Structure formats: C-alpha cells, structure tokens
Amino acid sequence: MISVFDTKKLREILKDFYEITKIRITVIDTDRNELVSYPEELSPFCRIIRRTEPGRIACASCDKEACDRAAGQHRTQMYRCHAGLTEAVTPLIVDGKLLGYLYFGQAFSYPDHKTGWAEIEKLCASFPVDKKALYEAVLEKPLVTQEYIRSSTHIMLAVASYLVMERMVALRPDRVSVRLDDYLSKHFTEDLNAKQLSKTLGIGKTQLYKLSKELYGCGIAEHVRTLRMEKAKAMLLDPDQISLAQIAQHCGYDDYNYFIAVFSRTEGCPPGEWKKRQSSGAGAERG
C-alpha cells in the first residue's frame, strides 16, 4: 500500500507517548520497516538479541506473526515475544485500508527480575549471546504490571486514532498504485488475471508487473494468495464457526482440496491444525 507519513509530527506524538509510559513506540509500514521510533535506539536487551542471526530471524518472525494477526483481525494484539518481553501492535487503517502499524515493545512484565530472567534464559538458550550481558540488560529493565501494559495499550489505541484523524498517516488517492491496491482489496476472491487488471487500470502488463513488484515485492498472483490466506486465517479465528469448505469458497477457492494444499504450503500446516495452534497459544498467554 502506498501511504504518506508525516514523520515530523509522528515523532512528536511518539515522544509524548514515551514520556507518559516509558515504553518504546514505533510506526512501521506494511512491510514492517521502522519509519519513526521513540526512542530511536532499541533497548540494550534487544540489541544483544539482534546481534545474532538466529535472534534477528526470530524477531522478524515474531513481528510478522503479530502484524499478520493484527491486520487479519483488524484489532490490537498484545503478546509476549519470542525472547520473553511484552509487546503490542495495532493496525493503522484508513478508509478500510491497512497503511501500517503502531507498535510498542520491549516491556518487562514479570513479578520480579528473578522470575523474568528464569523465563528469558530458557527462551534465549539457543541464541549465541553473552548470557552475562543479557542478564545485566534484564536487570536494567523496569518492572511493569500487566495492568500497566493494558493501560498503555489503550493509550496507544487513542494515539492510532489521533494519527489517522490528524492525517499524519494518509493515502495518496491519485496514484495508479493506490487504484491497483484498492481494486485487489475488493476483488481478490474473484478469478483475476493480468489481462483483465491491465484493462481495468489502463496500463500495460509490463507496467502492471513492475508496479506489483514495487508495491508488494512479488507478482499479482502471489499477493492475491497472501490476501486470501489472511482472510482464511481471520475466518478460522472467527467465533461464528463455518466449515472449511465454506471458508474456501469465501476466499475464492472452488476446489476445497486445492485450498487445503495452498494453505498448508503457505502456513506450514493444514487449516485445522493452524487453528488449534492459535487457540492453544492464546490459552497459554491468558494463563
């Protein structure tokens, strides 16, 4: 999605959030690139983790999963990251379109440092980090309660609404890229092809492919598949349960078996197993 961010004003409001909560907050785009953060630097704890390749990979995977849930469900996600810190992310949506995310993290929400370190040491056991330095970074983290995190999340939601209301985050409606994204977001469950899209947008197939690569980093077919999978995951988590065959049809797949194959290839497991994993994960987090 092509969007406009007023980074100067964003930095000011993020600073205000930090002054109130003392929690680092970031605006990220739909590709999960940091656009504006306050403070700009990661905490010592996160810098230690991300110095290692396994740590960087785990961080990226954790962030992607949280953002995907937030985007799919159109609501804030509060969770404990792969390294044991508490984080939250909320989608920035304008006119029904996802433009990015507001994210805060690196909060140490444990009864005491000893309890927190025991959990973090276990979670980070496979990372080739200096455990002494990591422990010292843990001791530097201020203790915050879950209630404090929830309150900070509510403030973050207010900030997200304010960003949209004050147009610190906005669309570029005159761009062909926005028209393409808008069309795909409304018609991705239909049988689309390059010829039809080119005619609809008034551009050539070569330009269409180039535009898709610039916007999504992939071809149209792959992006449509991503949109369908996000819709499928959102429907799987919907309390109003419907059958997998119905979900497949709602997501643009007439062939139920093909839908299962695509989902399994994309998510690493069949829809039923994916739903069980999400349910068990949510139960563990509530516990």
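Residues numbered from 1 in each chain as written. Predicted model: local features only at pLDDT ≥ 70, side-chain atom pairs only at ≥ 80, totals over all residues. Heavy atoms only, no water.

(A) A look at the overall build of the protein. Scanning the protein from terminus to terminus reveals 13 helices and 7 strands. The C-alpha extent of the protein, read off along each of the three principal axes, is 60 × 45 × 35 Å. Across the 287 residues of the protein, 44% fall into the buried class. A sequence separation of at least 24 residues applies to 59% of the contacts in the protein between residues at least 6 apart. Accessible surface for the protein amounts to roughly 15300 Å². Of this, 51% is attributable to carbon and sulfur atoms. Computing the positive centroid from 41 side-chain charges and the negative centroid from 38, the protein places the two 2 Å apart. (Helix = DSSP H or I, 4+ residues; strand = E, 2+ residues; numbered from the N terminus. Buried < 20%, exposed > 50% of the residue type's maximum accessible area, 1.4 Å probe, protein only. Contact = heavy atoms within 4.5 Å. Areas by Shrake-Rupley, 256 points an atom, 1.4 Å probe, with all protein chains shown as cover. Lys, Arg positive; Asp, Glu negative; His and termini not counted. Charge placed at Lys NZ, Arg CZ, Asp CG, Glu CD.)

(B) Seen up close, helix H6 (residues 146-165). Here H6 is 20 residues long and its end C-alpha atoms lie 29 Å apart, about the 28 Å a rise of 1.5 Å per residue gives. Along H6, the residues classified as buried are Ile149, Ser152, Thr153, Met156, Val159, Ala160 and Leu163. Buried residues of H6 fall within an arc of 120 degrees about the axis and therefore sit on the same side. Exposed and oriented more than 90 degrees from the buried face of H6 are His154, Ser161 and Met165. (Expected span 1.5 Å × (residues − 1). Arc of directions from axis to C-beta.)

(C) Here's a closer look at unusual backbone geometry. Here the bond from Tyr38 into Pro39 is cis, since omega is -10 degrees, no more than 30 degrees from zero. The backbone phi angle of Lys22 is positive, close to 65 degrees, even though this residue is not glycine. Structurally, the position occupied by Lys22 is in the loop between helix H1 (7-21) and strand S2 (24-29). Positive phi outside glycine occurs at Gln106, with the angle close to 65 degrees. In this fold, Gln106 is placed in strand S6 (residues 97-107).

(D) Quick peek at the environment of Gly116. Looking at where Gly116 falls in the secondary structure, it is placed in helix H4 (residues 113-123). Those residues in contact with Gly116, other than ones at most four positions away along the chain, are Phe108 and Tyr110.

(E) Main features of the pairing of strand S5 (residues 86-94). With 8 of its 9 residues buried, S5 lies for the most part within the structure. The sheet contact formed by strand S4 (residues 77-80) and S5 spans 4 bridges and is antiparallel. Note that in S5 the partner of Met78 across the bridge is Ala88. Counting the residues that bridge the hairpin from S4 to S5 gives 5 residues, and of these Gly84 lies at a positive phi of roughly 100 degrees. Sheet analysis places S5 next to S6, joined by 8 bridges and oriented antiparallel. Residue Val89 lies in a different strand from S6, and its bridge partner there is Tyr103. Where S5 hands over to S6, the hairpin turn is made up of 2 residues, of which Asp95 adopts a positive phi near 55 degrees. (Pairing = 2+ DSSP bridges.)

(F) Broad picture of the nonpolar core. Phe45, Val89, Ile120 and Leu134 are the most contacted members of the largest nonpolar core, which totals 29 residues. Elements that contribute at least two residues to this core include exactly helix H2 (44-50), helix H3 (53-73), S6, H4 and helix H5 (131-140). Broken down by element, this core gets its largest block of residues, 6 residues, from H3. Residues contacting Val89, with those up to four places away along its chain left out, are Ala66, Cys67, Ala70, Arg75, Thr76, Gln77, Tyr79, Tyr101, Leu102, Tyr103 and Met156. Membership of the second largest hydrophobic core comes to 24 residues, among which are Ile23, Leu92, Leu102 and Val159. (Core = buried A, V, L, I, M, F, W, Y, C linked by side-chain atoms within 4.5 Å.)

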